[in-house]
Amino acid sequence: MSPEPRRVTLAITGASGAQYGLRLLQCLLAADVQVMLMISKAAQVVIATETEVALPGRHEEQEAFLGREYGAGPGQLRVFGREQWMAPVASGSGAPSTMVVCPCSTGCLSAIATGASNNLIERAADVALKERRQLILVPREAPYSEIHLEHMLKLTRMGAVVIPASPGFYHRPQSIEDMVDFIVARILNQIGVEQTLLPRWGEPLPGGD
Ligand SMILES: Cc1cc2nc3c(=O)[nH]c(=O)nc-3n(C[C@H](O)[C@H](O)[C@H](O)COP(=O)(O)O)c2cc1C
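Residues numbered from 1 in each chain as written. Predicted model: local features only at pLDDT ≥ 70, side-chain atom pairs only at ≥ 80, totals over all residues.

Draft legend 1. Molecular detail of the overall build of the chain. Counting secondary structure elements, the chain contains seven helices and six strands. Its helices and strands in sequence order give the chain the pattern β-α-β-α-α-β-β-α-α-β-α-β-α, from N to C terminus. Relative to the globule expectation of 17 Å for 209 residues, the C-alpha radius of gyration of the chain, 16 Å, shows essentially globular dimensions. In terms of overall dimensions, the chain has C-alpha extents of about 50 × 45 × 40 Å along its principal axes. Counting all 209 residues of the chain, 40% fall into the buried class. (Helix = DSSP H or I, 4+ residues; strand = E, 2+ residues; numbered from the N terminus. Rg over C-alpha atoms; globule rule 2.2 N^0.38 Å. Buried ≥ 20, exposed ≤ 12 C-beta atoms within 10 Å, placed from the backbone.)

Here it is, written out as structure tokens:
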């Protein structure tokens with residue numbers, strides 16, 4: 001019997017850095033991970049502002065579009081709407097063991113920290129916390145206010161992992177894609193999905209001496 005495929009919940013919210021979320025989606029699909037995806041309304045505005053991706057507005061169309069764009073296998077990608085309460089991610093019995101919010105707006109960070117659960121993204125994160133599952137948050141704001149920092153501290157203490165969208169430069173990025181991959185590699189390392197985007201510290205750069 002072949003093992004169950006790995007399943008990950010991915011939420012893309014309206015912080016700057018839509019490319020991080022889309023590249024992460026692409027890498028998860030390429031690694032044969034099943035992805036349950038949610039894209040907030042604000043994220044759709046950011047995607048339109050920051051990328052060339054012509055994402056449709058309806059979640060059913062997003063599923064077909066992104067599946068085509070990133071070569072998802074049949075049933076590998078499912079996209080859910082903001083009030084689709086019957087989705088697997090809305091319950092501890094159906095949700096994957098890992099959820100990533102990338103990028104994570106400060107609004108979404110606040111909603112998760114306070115357990116608002118007013119839409120499916122917030123509910124899925126609430127489920128991850130109550131079930132003590134893996135929750136990765138990738139906020140981006142500058143500067144951070146005391147409120148943002150308090151929320152990050154509170155969530156870290158509850159077991160969530162905050163990976164700020166702050167790429168390093170020691171790998172000498174040559175392009176925006178290299179900087180995006182720096183963060184995406186960090187997320188993939190954290191959730192245990194094999195990645196070849198960036199060598200681990202102490203290992204040689206691809207093609208290097
Ligand atoms: C182009 C653009 C860039 C934005 N950048 C950020 C950002 O870097 N960080 C952030 O927290 N919010 C940012 N926002 C604001 C959020 O989108 C807004 O607070 C929204 O309510 C978040 O909703 P969501 O959590 O449902 O996605 C940005 C909005 C736009 C349109």
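Draft legend 2. Fine view of the site of the ligand. Lining the immediate environment of the ligand, one finds 16 residues, of which Thr-13, Gly-14, Ser-16, Ser-40 and Ala-42 sit closest. Taken together, the elements giving at least two residues each to the shell around the ligand come down to α2 (41–50) and α4 (106–114). The greatest single-element share of the shell around the ligand, amounting to five residues, is contributed by α2. Residue composition of the shell around the ligand, by class: six nonpolar, eight polar and two charged. (Near = placed C-beta within 6 Å. Nonpolar A, V, L, I, M, F, W, Y, C, P; charged D, E, K, R; others polar.)

Draft legend 3. How the structure looks around the UniProt feature "binding site: dimethylallyl phosphate" (unreviewed entry) in the chain. Per the UniProt entry, the sites bearing "binding site: dimethylallyl phosphate" (unreviewed entry) are Tyr-170 and Arg-186 in this numbering. Taking the farthest pair of C-alpha atoms as the criterion, the annotated set spanning 17 residues converges on one region, since that pair is 14.1 Å apart. Looking at where Tyr-170 falls in the secondary structure, it is placed in the loop between β6 (161–162) and α7 (176–191). Residue classification places Tyr-170 among the exposed positions, given that 7 C-beta atoms sit within 10 Å. Within the secondary structure, Arg-186 sits in helix α7. By C-beta crowding, Arg-186 is classed as buried, having 22 other C-beta atoms within 10 Å. (UniProt positions renumbered as here; feature names shortened; annotations may be inferred.)

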